[in-house]
Amino acid sequence: MVGQRKWALVLGGSRGLGLATAKELARLGYSLLLVHRDPRASLAEFQEDVDSLRSKAITVHTFNKDATRAESIADLVSSFKDILKQEESVAVMIHAIAKGHVKPITTSAALSGVDMAITLEAMASSLLLWTQQLHSAALFAADTRIISYTSEGSHKAWKHYAAVGAAKAALEAITRSIALEFAPFGIRANCIQAGVVDTESLRRIPNVEQILKFATARSPFKRLTTPEDVAHVAGLLCRPEAAWINGAVIPVDGGAHIQ
């Protein structure tokens, strides 16, 4: 339909990879549904980003709500149905939720089963819940792209990363299952394995300066991955020409993974 808007849903859209991807999708002409979870003290900076996105003549709706639990997801999907016109749908869903526990597993303050469950729910199983509920609500477009962000920690052991690493491995497995079982409905699902990006989430890991130094030295280009590097590839995966990429885990790290 002439004039029909393209919509992208970004989960974890207020900072880091999520915000960078939202900006890239806005550049490509997508209107945005941004779900985030932020304290009031940090909202002013995010609002500046939202105002900048709206200046590009696109529509932006923001939702400062928990995007990880089934009941919250159901409420948000209901809100989306009220926003989207009958002929409009979600053509892109970005899963960039970074909520989890970074703890050692051998000390008195060790990672607990509850910590693990919270991390897995937020960073892995929520992808499946979102996919199922949006599909049930008939809000997906005929050629929807689902993109989630993983890391090398899904298959390499990093200190204090047990819960997040497990969640990333589960996220990749869930993505492959979505790619297989939702393909008859036109959905393509892929993971981007981002290189080391200097984000707020990374800064929670102990010895982060050593990690950043090692990642820079390991890169063939001798620099870290930026949020924009990752967002550009997400934009490529949303193009019609990328329709035959499905169920993949794509490294976006400048070649660091080959060493």
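Our subject is the structure listed above.
Residues numbered from 1 in each chain as written. Predicted model: local features only at pLDDT ≥ 70, side-chain atom pairs only at ≥ 80, totals over all residues. Heavy atoms only, no water.

So what exactly am I meant to see when it comes to the side chain of Ser14 here?
The topology assignment puts Ser14 in the loop between strand E1 (6–11) and helix H1 (16–27). With a relative accessible area of 12%, Ser14 lands in the buried category. Side-chain polar atoms of Ser14 contact the side chain of Asp38, separated by 2.7 Å. Apart from the residues within four sequence positions on either side, Ser14 is in contact with Leu19, His36, Asp38 and Phe46. (Helix = DSSP H or I, 4+ residues; strand = E, 2+ residues; numbered from the N terminus. Buried < 20%, exposed > 50% of the residue type's maximum accessible area, 1.4 Å probe, protein only. Polar contact = N/O pair within 3.5 Å; in protein donor to acceptor, adjacent residues only side chain to side chain. Contact = heavy atoms within 4.5 Å.)

Looking at this structure, how should I read the packing of aromatic side chains?
Given two aromatic rings, their pairing is described by the distance between the two centres and the angle made by the two planes. As enumerated under the stated definition, the model contains four aromatic pairs in all. Measuring from centroid to centroid gives 4.8 Å for Trp158 and Tyr161, while their planes differ by 50 degrees, and the two rings are tilted. Their ring planes at 55 degrees and their centres at 6.1 Å tell us that Phe182 and Phe185 sit as a pair that is tilted. For Phe185, a relative accessible area of 48% puts it in the partly exposed group. An aromatic cluster is present here, built from Phe63, Phe80 and Trp130 joined pairwise through their rings. (Phe/Tyr/Trp six-rings, centres within 6.5 Å; stacked < 30°, edge-to-face > 60°.)

What am I meant to see in the packing of H1 against helix H7 (residues 227–237) here?
Between two packed helices, the angle of one axis relative to the other and the distance separating the axes together describe the packing. Where H1 contacts H7, the two axes come as close as 8 Å, and the packing angle between them is 50 degrees. Considering their axes alone, H1 and H7 lie oblique with respect to each other. Of the two possible hands of crossing, H1 and H7 adopt the one that is right-handed. Along the contact surface, H1 presents Gly16, Leu17, Ala20, Thr21 and Glu24, while H7 presents Pro227, Glu228, Val230, Ala231, His232, Ala234 and Gly235. A breakdown of the residues in the contact of H1 with H7 according to their chemical character gives six nonpolar, four polar and two charged. (Axes fitted to C-alpha atoms, helices over the stretch in contact; angles between N-to-C directions. Parallel < 35°, antiparallel > 145°, perpendicular 65-115°, else oblique. Left-handed = near helix turned anticlockwise from the far one by under 90°. Nonpolar A, V, L, I, M, F, W, Y, C, P; charged D, E, K, R; others polar.)

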